[in-house]
Amino acid sequence: MSITAQQLSSFLVLAIVMSVTPGPNNLMVLFSSVRFGPRKTLGHISGASAGSALMLLLVGLGLHEIFTLFPYIQVVMKYSGAAYILYLSWKILGSTGEVKSADTSHPMRFIGAAFFQLINPKSWIMASVAISTCLPSVFSFEDIALYTVLFAAVSFPCVGIWAWFGAMIKHYLTDARLVRRFNQSCAGMLALSALSMTLF
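These numbers were taken from a predicted model, which means no experiment stands behind them.

Novice: How should I be thinking about the environment of leucine 135 in this particular structure?
Specialist: Mapped onto the elements of the fold, leucine 135 is located in the loop between helix 6 (121–133) and helix 7 (141–170). The buried category is assigned to leucine 135, whose relative accessible area is 6%. Leucine 135 sits 36 residues away from histidine 171 along the chain, and the two C-alpha atoms are 44 Å apart.

Novice: Please explain the packing of helix 2 (residues 24–36) against helix 7 as it appears in this structure.
Specialist: Geometry of a packed helix pair, given as the angle between the helix axes and the separation of the axes. Across the interface, helix 2 lies against helix 7 with an axial gap of 7 Å and an inter-helix angle of 40°. By the angle between their axes, helix 2 is oblique relative to helix 7. For helix 2 against helix 7, the interelement crossing comes out right-handed. Where helix 2 approaches helix 7, its residues Asn25, Asn26, Leu27, Val29, Leu30, Ser33, Val34, Arg35 and Phe36 are matched on the opposing element by Val159, Trp162, Ala163, Phe165, Gly166, Ala167, Ile169 and Lys170. Split by residue class, the contact of helix 2 with helix 7 holds 11 nonpolar, 4 polar and 2 charged.

Novice: Would you mind showing me how to read helix 2 here?
Specialist: Three or four residues apart is the spacing at which side chains of an α-helix point the same way, because the helix has 3.6 residues per turn. With 13 residues, helix 2 extends 18 Å between its outermost C-alpha atoms, agreeing within 8% with the 18 Å of an ideal straight helix rising 1.5 Å per residue. Across the 13 residues that make up helix 2, a large majority, 13, are buried. In the segment just after helix 2, glycine 37 is the residue with positive phi, at about 100°.

Novice: Would you mind going over the nonpolar core with me for this structure?
Specialist: Soluble globular proteins: nonpolar side chains tend toward being buried together. Phe116 and Phe182 are the most contacted members of the largest nonpolar core, which has 26 residues in total. Elements represented by at least two residues in this core include exactly helix 2, helix 4 (71–93), helix 5 (110–116), helix 7 and helix 8 (176–199). Once you skip the residues sitting within four places of it in the chain, phenylalanine 182 turns out to touch Leu30, Phe31, Val34, Ile169 and Leu173. Membership of the second largest hydrophobic core comes to 22 residues, among which are Phe11, Met126, Ala130 and Cys134.

Novice: How should the side chain of asparagine 25 be read in this particular structure?
Specialist: Tracing the chain through its elements places asparagine 25 in helix 2. By relative accessible area, which is 5% here, asparagine 25 ends up buried. Not counting residues up to four positions away in its chain, the partners in contact with asparagine 25 are His44, Ala48, Phe116, Gln117, Asn120 and Val159.

Novice: Please explain the environment of alanine 15 as it appears in this structure.
Specialist: Checked against the element boundaries, alanine 15 lands in helix 1 (residues 5–20). Residue classification places alanine 15 among the buried positions, given a relative accessible area of 0%.

Novice: Help me understand the packing of helix 1 against helix 7 in this model?
Specialist: Packing of helix 1 against helix 7 leaves a shortest axis separation of 8 Å and a crossing angle of 30°. Regarding helix 1 and helix 7, the two cross each other, and that crossing is right-handed. Residue-level contacts link Gln7, Leu8, Phe11, Leu12, Ala15, Ile16, Ser19 and Val20 of helix 1 to Tyr147, Leu150, Phe151, Val154, Ser155, Cys158, Val159, Ile161 and Trp162 of helix 7.

Novice: Help me understand helix 6, please; the structure alone is not making it clear to me.
Specialist: Counted at 1.5 Å a residue, the expected span for helix 6 with its 13 residues is 18 Å, and the 18 Å between its end C-alpha atoms agrees. Listed as buried for helix 6 are Lys122, Ser123, Trp124, Met126, Ala127, Ala130 and Ile131.

Cut-off values and rules
Residues numbered from 1 in each chain as written. Predicted model: local features only at pLDDT ≥ 70, side-chain atom pairs only at ≥ 80, totals over all residues. Heavy atoms only, no water. Helix = DSSP H or I, 4+ residues; strand = E, 2+ residues; numbered from the N terminus. Buried < 20%, exposed > 50% of the residue type's maximum accessible area, 1.4 Å probe, protein only. Axes fitted to C-alpha atoms, helices over the stretch in contact; angles between N-to-C directions. Parallel < 35°, antiparallel > 145°, perpendicular 65-115°, else oblique. Left-handed = near helix turned anticlockwise from the far one by under 90°. Contact = heavy atoms within 4.5 Å. Nonpolar A, V, L, I, M, F, W, Y, C, P; charged D, E, K, R; others polar. Expected span 1.5 Å × (residues − 1). Core = buried A, V, L, I, M, F, W, Y, C linked by side-chain atoms within 4.5 Å.

Everything listed here is a matter of geometry and, on its own, says nothing about what the molecule does.
Next comes the structure, spelled out in structure tokens:
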């Protein structure tokens, strides 16, 4: 492997910062943990971590070159992603004032969370920055494979913190009014993240 210690440490810092800071995915994990509990949110957390790691691998193998050749694909994905996040925001806003809903809704599952990373702007930023700054100009498959495994290992507990935070918040949501305010806050933050996607 041709990765230096400085590049490896830079990547680990990037992986932690990008995984633990607020974004569409972490906000949805927070909401899911409050609504369904942290245990039922594990599929979402696992899928998000695996999806982001897979994206890193694909970008490292040359996926970004497709966007260079066909830039309109990235534009379509950006606006489609923003529209989908707005849809999720609307669904959260319309949630009931009960912490546990009596309907048949369920948390996002592994596959859905993994595919969501395709439209998650933070995942694209992370992958692009990691490839351009944390790898040597010429790198091997073993190098990017190592980063993929390390990112999955780092991402899971970092995203999991948001599920733990949701479980803590849930204890204070003692009536429907507070739950509605929490839902409105999550919906508003998701809507802002969707808006930010269209501006950059």
